[in-house]
Amino acid sequence: MAAGEPGHLGSYYFRFLPQKTFQSLTSQETTSRLRQWSMLGRIKAQAFGFDQTFQAYRKDDFVMAFFKDPNVIPNLKLLPDPSGQWITLGTEVKKIEAINVPCTQLSMSFFNRLYNEDIVRDNGHIVKCLDSFCDPFLISDELRKVLLMEDSEKYEVFSQRDREEFLFCLFKHLCLGGALCQYEDVVNPYLETTKLIYKDLVSVRKNPQTKKIQITSSVFKVTAYDSAGICYPSTKGHEQTFSYFIVDPIKRHVHVLYHCYGVGEMS
């Protein structure tokens, strides 16, 4: 049986946690930024609880059980492209793909190299460059160049492993934004919003032996398929359409961060 196909799903049962709010996405400042980046109304975080010990090696069973659960089906939200109306899945998931996303970073100093490599000036201003396209994105500064253009001279400032980190993925998604994204001239709004969302979604604890803070969450980038093909996060693939499952094995919570590329709310 192929990974991610339904078989014996174990005994994971889920419950929707509507009382869990994500201030990082709903604060006035973040709302204003998401509007500018054309992501407002198209990005959402939801929380669900589960009742069994999470084991990372069983992630495919866990995610498949999630999509089959009667408490998930009527509550998990998504956007049918290009409508701005949130709906539920409304189709039977036949197969899933859950890709491990490393989540090890505990400090925003991870991004200090942007300053060290003259991608961002000391005052926070992003260094401009001649316009070019990396379909479908317009590249008009060194930040988008280092995020997107593999042949740019500064691309290797972030290694492949760095680029897989959840913290980097969040930052990149915010920088690229939605279909009518108005890019920032300074980097701070991207860094601040990345930090807020990351702290809201990812769980940490102090190791009782070493006394050091460590991340306890596991993160997966999730795609689901029905009999016709990809059905979640959208039937249309795009670099900026994504769903991340952030699993806290101690609290037994899973946070779902979802975005569907398109034109965000403007007012």
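A short tour of the structure in this document, coming up. (Residues numbered from 1 in each chain as written. Predicted model: local features only at pLDDT ≥ 70, side-chain atom pairs only at ≥ 80, totals over all residues. Heavy atoms only, no water.)

Each helix and strand counted, the protein chain has eight helices and 13 strands in total. Its C-alpha radius of gyration of 19 Å places the protein chain within 12% of the 18 Å reference for a compact globule of 267 residues. With respect to the principal axes defined by its C-alpha atoms, the protein chain has extents near 55 × 50 × 40 Å. Considering the protein chain as a whole, with its 267 residues, one finds that 50% of them fall into the buried category. Taking the contacts inside the protein chain whose residues are at least 6 apart along the sequence as the reference set, 70% of them involve residues at least 24 apart. When the accessible surface of the protein chain is totalled, it reaches about 13200 Å², and 49% of it is carbon and sulfur. A distance of 8 Å separates the average location of the 31 positive side-chain charges in the protein chain from that of its 31 negative side-chain charges. (Helix = DSSP H or I, 4+ residues; strand = E, 2+ residues; numbered from the N terminus. Rg over C-alpha atoms; globule rule 2.2 N^0.38 Å. Buried < 20%, exposed > 50% of the residue type's maximum accessible area, 1.4 Å probe, protein only. Contact = heavy atoms within 4.5 Å. Areas by Shrake-Rupley, 256 points an atom, 1.4 Å probe, with all protein chains shown as cover. Lys, Arg positive; Asp, Glu negative; His and termini not counted. Charge placed at Lys NZ, Arg CZ, Asp CG, Glu CD.)

In this section: the side chain of E165. One can find E165 in the loop between α6 (160–164) and α7 (166–176). Lacking a salt bridge, the buried E165 has R161 as its closest oppositely charged neighbour, with an N-O distance of 4.4 Å. Here the side chain of E165 touches T104 through a polar contact of 2.5 Å, side chain to side chain. Not counting the four nearest positions on each side in its chain, E165 is found in contact with V101, P102, C103, T104 and Q105. (Salt bridge = Lys/Arg side-chain N within 4 Å of Asp/Glu carboxyl O. Polar contact = N/O pair within 3.5 Å; in protein donor to acceptor, adjacent residues only side chain to side chain.)

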